[in-house]
Amino acid sequence: MCVPGTREAVLGKLSRRDFLKAATAATLATAISQVATGTLLANEDEDEGVVARVVGRRFRKVVDLTHVMTPDFPTYFGPPQLQIEPIFTYDPNGFNINRWILNEHTGTHMDAPLHFSAAEWSADEIPISRLVLPLAVVDIRAKAAQNPDAQVTPEDLRAWERRYGRIPKGACVAMQSGWAEKVRTPEFRNADANGVMHFPGFHVEAVDFLIEERSVYGIAVDTLSLDYGPSADFVTHYRWLPTNRWGMENVANLDKVPPRGSTLVVGGPKIAGATGGMSRLIALVHEDDEDDEDDDG
């Protein structure tokens, strides 16, 4: 809680750009210091170079990639997966506290490796160095508009690289299918008469490429699943997550960040044994990127 007037006093002395720089430095401080001191949970030597790449960078825009979560947010299984129960209210208690009852895989959320494996990392065990990383956004909106069962393929990834350069090691690759615009409509689940959903996802050959040839740490989708809607075998989940990589589902606002030139900060859950959980995703758009207009996100 801030002392009244703190925000106004700070902003009065800092320009907007300086304020963003200061906020960025504070956000990254923990991850960077842990890399420097060797206090990461695992694989710190491997991850150090990824996090170190953000040191000294300047950022001109902060974009929230997280949907507002409500009890009626669409879910993979259909029924609501969040209940909010007030247990204390300002009148008569003088303060408010709610109890949440929720499924871990609800809203904008993380799929931890444990979600589709017997003994890989739970959400709390993912090294923080793997949660601050370059963001590459692969735009498949054109083909998704023609075919709701479209998938990110190796050719989509190679086409991205021909235009923007090699996908960085340790990056998060996000699918921008345009599905976030449908989030409050039945078209988000897009279930047919037989209950089969139709929405885009990652093809297993694409994640094979990202694992074996690019050493990527995370993938993200603006849909309900890393696998495309009709999948009955979750082949992408089973290929990706057991390699101690994470996924993010129901991501928002990917149209507000450039294809390259952002750092993703993942505020994942830190609950012991969690297979995933609601997360806050923040994209920090680099000051030297020229692919996007300078606005407030």
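Structure first, text after, so check above.
Okay, so let's go over this structure. The residue count restarts for each chain, going from 1 along the sequence in the order it is written. For a predicted model such as this one, the threshold for reporting local features is a pLDDT of at least 70, and the threshold for listing and counting side-chain atom pairs is 80 or more; totals across whole chains, interfaces and linings nevertheless cover every residue. As a rule here, side-chain values come from all non-hydrogen atoms in the structure, and water together with hydrogens is ignored.

### Here's the deal with the pattern of salt bridges
Only one rule defines a salt bridge in this text: a Lys or Arg side-chain nitrogen within 4 Å of an Asp or Glu carboxyl oxygen. This structure, assessed with the given rule, holds 9 salt bridges. Residues Asp64 and Arg280 are paired through a salt bridge, measuring 2.7 Å at the closest nitrogen-oxygen approach. Linking Asp64 in strand β1 (residues 59-64) with Arg280 in strand β13 (residues 280-286), this pair joins segments that are 216 residues apart in sequence. Note on exposure labels: buried denotes an accessible area under 20% of the residue type's maximum, exposed denotes more than 50%, and partly exposed covers the range between, all computed with a 1.4 Å probe on protein chains only. Residue classification places Arg280 among the partly exposed positions, given a relative accessible area of 48%. With a closest N to O distance of 3.0 Å, Glu212 and Arg239 form a salt bridge. Highlighted residues: Glu212 in helix α7 (residues 204-212) and Arg239 in helix α8 (residues 235-240), separated in sequence by 27 residues. Residue class for Glu212 comes out exposed when judged on its relative accessible area of 58%. Within this structure, Asp208, Glu212 and Arg239 form a network of salt bridges that share partners. The secondary structure listing takes helices from DSSP runs of H or I that are at least 4 residues long and strands from runs of E that are at least 2 residues long, numbered from the N terminus.

### Re unusual backbone geometry
For the bond running from Asp91 to Pro92, omega is 25°, close enough to zero to count as cis. Structurally, the position occupied by Pro92 is in helix α4 (residues 90-93).

### Concerning the environment of Leu241
Mapping Leu241 onto the fold places it in the loop between α8 and β10 (246-249). When the C-alpha atoms of Leu241 and Phe116 are compared, they prove to be 6.1 Å apart, with 125 residues separating the residues in sequence. Note on contacts: a residue pair is in contact if any heavy atoms of the two residues lie within 4.5 Å. The contact partners of Leu241, leaving out residues within four places of it in the chain, are Asp111, Ala112, Pro113, His115, Phe116, Trp246 and Gly247.

### Examining the packing of aromatic side chains
Aromatic rings considered in pairs are described by the distance between their centres and by the relative angle of their planes. Side-chain rings of Phe, Tyr and Trp, where Trp is taken by its six-membered ring, are said to pair if the distance between their centres is within 6.5 Å; with planes under 30 degrees apart they count as stacked, over 60 as edge-to-face, and otherwise as tilted. Under the definition given, this model contains 6 aromatic pairs. Considering the side-chain rings of Phe116 and Tyr238, the 4.8 Å spacing of their centres and the 80° angle between planes classify their relative orientation as edge-to-face. Here Phe116, found in the loop between β4 (109-111) and β5 (132-139), pairs with Tyr238, found in helix α8; they are 122 residues apart in sequence, far enough to count as distant. With 5.2 Å between their ring centres and 50° between their planes, Trp160 and Tyr164 make a pair best called tilted. Here Trp160 pairs with Tyr164, and both are found in helix α6 (residues 154-164), just 4 residues apart, close to one helical turn. One aromatic cluster is present, formed by Tyr76, Phe77, Phe116, Phe234 and Tyr238 through successive ring pairs. Only lysine NZ and arginine CZ atoms are considered, and such an atom sits over a ring when it is within 6 Å of the ring centre and within 35 degrees of the ring normal. Arg130 extends its terminal NZ or CZ atom over the ring of Tyr217, reaching a point 4.0 Å from the ring centre.

### Some thoughts on the sheet that holds strand β9 (residues 218-221)
On the basis of which strands lie adjacent, the open sheet formed by 9 strands has the order β1-β13-β11-β5-β7-β9-β10-β4-β12 and mixed pairing. Among the strands making up the open sheet, the edge pair consists of β1 and β12 (276-278). Averaged over all adjacent pairs, the angle separating strand axes in this sheet is 25°, with direction ignored. Should DSSP find at least two bridges between two strands, the strands are taken to pair. With 3 bridges connecting them, β4 and β12 associate as antiparallel partners. What sits directly across from Asp111, in β12, is Gly276. Running over the sheet, α6 touches β5 and β7 (172-176) and is turned about 105° from β5. To obtain an axis, a line is fitted to C-alpha atoms, over the contacting stretch when the element is a helix, and the angle between two such axes runs from 0 to 180 degrees between their N-to-C directions.

### Describing the nonpolar core
What tends to happen in soluble globular proteins is that the nonpolar side chains get buried as a cluster. The term nonpolar core refers to a set of buried residues drawn from Ala, Val, Leu, Ile, Met, Phe, Trp, Tyr and Cys, joined through side-chain atoms within 4.5 Å. By size, the foremost hydrophobic cluster in this structure holds 26 residues, and its most contacted members are Leu65, Met110, Leu135, Trp246, Val257, Leu264 and Val266. For this core, the secondary-structure elements that each account for two or more residues are β5, β7, β10, β11 (262-267) and β13. Counting 24 residues, the second-largest nonpolar core is a separate cluster that includes Phe202, Val204, Ala206 and Leu226.

### Considerations on α7
Inspection of α7 places Val204, Ala206, Val207, Phe209, Leu210 and Ile211 among the buried residues, and these make up the whole buried set. Along its buried surface, α7 packs onto β6 (151-152), α6, β7, β8 (201-202), β9 and α8.

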